[in-house]
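Summary of the model geometry
The lines below spell out each chain.
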Amino acid sequence: MGNVSTRELARASLIALIVLLVSSLPYIVGYVSAPPDREFSGALVNVVDYHSHLAKMQQGARGEWRYRLLFTPEDHDGAYLQVFYVALGHLAARTGLPLVTTYHLARLASGFVLLLTAYLFSAFFLRRGAMRRVAYLLICFSSGLGWLVLLLSPTKPGGITPIDFWLNDAYVFFALFTFPHFCLATAALLATFLAALAYFRRPRLRYLLVGGLSVLVVAVVHPFAVLIVDAVLAVYWLLLWGVRRRWPGREAAGIAVIGLVPLPLLAYDYWALQSNAVFQAWQAQNFTPSPPPGYYVLGYGLVLFLACPGAVCVLLRPNQRGLFLVAWTVVAAVLAYSPLLLQRRMVEGLHVPLCLLATVGLFRYVLPAVYRSRPARWLASTVHYPRRRFRLLVLNLLLAATFPSNLFLLASAGLAAWQHQPPFFYHQAENEAIDWLGTHTRWTDTVLAAFPVSNRIPARVGHRVFWGHWIETVDYEGKKRLAEAFFQAETDDAARRALLRTYGVAYLFYGPQERALGDFSPEGRPYLVKTFSNSEVSLYRVIVRDK
């Protein structure tokens, strides 16, 4: 699949380990610096989704395989969805490791697999070692111009933060820094494409087997990404047909096999989602629209700018391998604004082909132009500064110019870890109360609390809550209004009783974050019985559920 020597692979592995260490530094700061009265959560970005993933692991840790939504009070049957995190929970239970430790080990392991797969993918397209190394560094460290946007405009342009700092799908380093399933899904996506392209060159059964297994992993971890696989391969096949001016039969057979393999899994997913009213409501809220195109342009920044001449080079020479990179880029751009619920998820993995096209643009156009430039000739003739060294200097400067957003991400995460602030750090008093619930109640005993606490309870003890996630709480906006009204002093007890009875709420969590929502006091309410209290938090059992 590419001429990669053992030494080359060892170098790529060493760089991967360095990247993973760098991505873990803010977490190390969080764990080492945590004060006695606070506990580090293990997350420094998007803690809401992080807790969602831990909640899935909690279900696996207690022996379940059928996934249920724990952030909504409605009873419903489980299904074999979100298998990756449920399986991680089983692994944690088998090994005796804490869920958070298992999560980060999975992040590191899947990140390592992603980086090595990305290197092999790069080697398939780039023959020169220097080009491979540059492409790999771009894949490992590059991001966009969001850092510059923040410097020039501290207020969010258009009300949206630059995607460099929130769109995990868009960058390899961001995926390594946050979620293991993003890493595994992107690695499987690259492996599927790599196996398919190898089969197109030499029709060997082993390539189809690797491609079939890889696309199955894609279907399990990120089912929507199967659409990316099918669309990219189909468009690439059309481009091959146009270039060759004959029917690409071998390629058609390979694409058909890879396209058919995940269909049973996708059919099950569709049935599971459509046959369950709670899952239907969950999916209806799972809308992730793309930001305006300018955010993507700035988000990929210099990499996108360099990729443009790279794409021109590929199209002008008709390089059949290079056409695949162009096909992937075009397909991602179209899917990102197609009428889909998961628009911005369609850029998953796009960072890799853009980095490869950027490398082609660098080596085919930019660096030769730098070598022939007037400043290079002047430096060579006046101060005897070799033109090759000047070209290398420009290359290093261009590479460095793609890194600042990720440096900003690491620095801001490290600062958040050092300051020990919620939601990244938990107060021990709240932890005590949540742990009491985990020990003394059933997971089906729904808990009402403020949003940050509700988001944490399923992650820490695997118990169900009234609300707690923007997507995984059915009718999130309606439940948000009800929960916030519950803690307002002007709300009458009849309305509170109605909420508790209608949704089968079993316990009320009352601590600092609940007090911040309003002046309601649970003391003396006939429908609430105190069962736990410490210096900051009280828990009340609800006794009106069946009335």
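The coordinates are above.
Residues numbered from 1 in each chain as written. Predicted model: local features only at pLDDT ≥ 70, side-chain atom pairs only at ≥ 80, totals over all residues. Heavy atoms only, no water.

1. As for the environment of Arg541
Relative to the helices and strands, Arg541 is located in strand β6 (residues 538–542). Taking C-alpha positions, Arg541 is 31 Å from Tyr85, a pair spaced 456 residues apart along the chain. Residues contacting Arg541, with those up to four places away along its chain left out, are Ala506, Tyr507, Tyr527, Leu528, Val529 and Thr531. (Helix = DSSP H or I, 4+ residues; strand = E, 2+ residues; numbered from the N terminus. Contact = heavy atoms within 4.5 Å.)

2. Some points on the packing of aromatic side chains
Here the structure, examined in full by the defined rule, presents 42 aromatic pairs. Considering the side-chain rings of Phe40 and Phe425, the 5.0 Å spacing of their centres and the 40° angle between planes classify their relative orientation as tilted. Linking Phe40 in strand β1 (residues 38–40) with Phe425 in strand β2 (residues 425–427), this pair joins segments that are 385 residues apart in sequence. By relative accessible area, which is 2% here, Phe425 ends up buried. A centroid spacing of 6.2 Å and a plane angle of 70° characterise the contact between Phe324 and Trp328, whose relative ring orientation is edge-to-face. Remark: Trp328 and Phe324 occur in helix α15 (residues 320–335); sequence separation between them is 4 residues, near one turn of the helix. Residue classification places Phe324 among the buried residues on the basis of a relative accessible area of 0%. Look at Trp328 and you get buried, because its relative accessible area is 0%. (Phe/Tyr/Trp six-rings, centres within 6.5 Å; stacked < 30°, edge-to-face > 60°. Buried < 20%, exposed > 50% of the residue type's maximum accessible area, 1.4 Å probe, protein only.)

3. Here's the deal with a nonpolar patch on the surface
Taken together, the side chains of Leu21, Leu25, Ile28, Tyr31 and Val32 define a hydrophobic patch exposed on the protein surface, amounting to about 500 Å² of accessible area. Relative to the assigned elements, Val32 resides in helix α1 (residues 6–33). The exposed category is assigned to Val32, whose relative accessible area is 69%. (Patch = residues over 30% accessible without salt bridge, like charges linked within 9 Å, V, L, I, M, F, W, Y side chains within 5 Å. Areas by Shrake-Rupley, 256 points an atom, 1.4 Å probe, with all protein chains shown as cover. Salt bridge = Lys/Arg side-chain N within 4 Å of Asp/Glu carboxyl O.)

4. Here's the deal with the sheet that holds β6
Pairing in this open sheet of 4 strands is mixed, and the strands run β3-β4-β6-β5 from one edge to the other. Taken across any chain shown, the strands that pair with only one partner, and hence form the sheet edges, are β3 (446–448) and β5 (528–533). Strand after strand, the sheet turns through a mean of 30° between neighbouring axes, direction not considered. (Pairing = 2+ DSSP bridges. Axes fitted to C-alpha atoms, helices over the stretch in contact; angles between N-to-C directions.)

5. Thoughts on the pairing of β6
Along any regular strand the residues' side chains alternate between the sheet's two faces. With 4 of 5 residues buried, β6 is to be regarded as a mostly interior element. Here β5 hands over to β6 after 4 residues, the two strands then running antiparallel side by side.

6. Section: the packing of helix α10 (residues 225–244) against α15
One can describe the packing of α10 onto α15 by two numbers: an axis separation of 8 Å at closest approach and a directional angle of 130°. The angle between the axes of α10 and α15 places the two elements in the oblique class. Along this stretch, α10 crosses α15, giving a crossing that reads as right-handed. The segment α10 lies against α15, with Leu227, Ile228, Ala231, Val232, Leu233, Val235, Tyr236, Leu239, Leu240, Val243 and Arg244 engaging Gln320, Arg321, Leu323, Phe324, Ala327, Trp328, Val331 and Leu335. (Parallel < 35°, antiparallel > 145°, perpendicular 65-115°, else oblique. Left-handed = near helix turned anticlockwise from the far one by under 90°.)

7. Let's talk about the side chain of Arg345
On the secondary structure map, Arg345 appears in the loop between α15 and α16 (351–372). Taking relative accessible area as the criterion, Arg345 reaches 14% and is therefore assigned buried. Among the polar contacts made by the side chain of Arg345, one reaches the side chain of Asp169 at a distance of 2.7 Å. Residues in contact with Arg345, not counting those within four places in the same chain, are Asp169, Phe182, His222, Phe224, Ile228 and Thr288. (Polar contact = N/O pair within 3.5 Å; in protein donor to acceptor, adjacent residues only side chain to side chain.)

8. Examining the pattern of salt bridges
Side chains that differ in charge, positive against negative, can pair when their charged atoms come close. Taken as a whole, this structure holds 16 salt bridges when the rule is applied. The partner of Arg132 in a salt bridge is Glu8, and the shortest N-O contact between them spans 2.9 Å. Of the two residues, Arg132 sits in helix α5 (residues 129–141) while Glu8 sits in helix α1, which places them 124 residues apart along the sequence. Exposure remark for Arg132: the relative accessible area of 4% places this residue in the buried category. Note that Arg244 is salt-bridged to Glu251, the shortest N-O span being 2.8 Å. According to the relative accessible area criterion, Glu251 is buried, its value standing at 3%. Through salt bridges with shared partners, one network takes in Glu39, Asp435 and Arg460.

9. Thoughts on helix α11 (residues 249–260)
Note: α-helices contain 3.6 residues per turn, so residues at a spacing of three or four share the same orientation. Here α11 is 12 residues long and its end C-alpha atoms lie 17 Å apart, about the 16 Å a rise of 1.5 Å per residue gives. Among all positions of α11, only Glu251, Gly254, Ile255, Ile258 and Gly259 are buried. Angularly, the buried residues of α11 cover 130° about the axis, an arc narrow enough to put them on a single face. Residues of α11 that are buried in the fold lie against α8 (180–201), α9 (205–221), α10 and α12 (263–274). (Expected span 1.5 Å × (residues − 1). Arc of directions from axis to C-beta.)

By themselves, these are just geometric observations and shouldn't be taken as functional.
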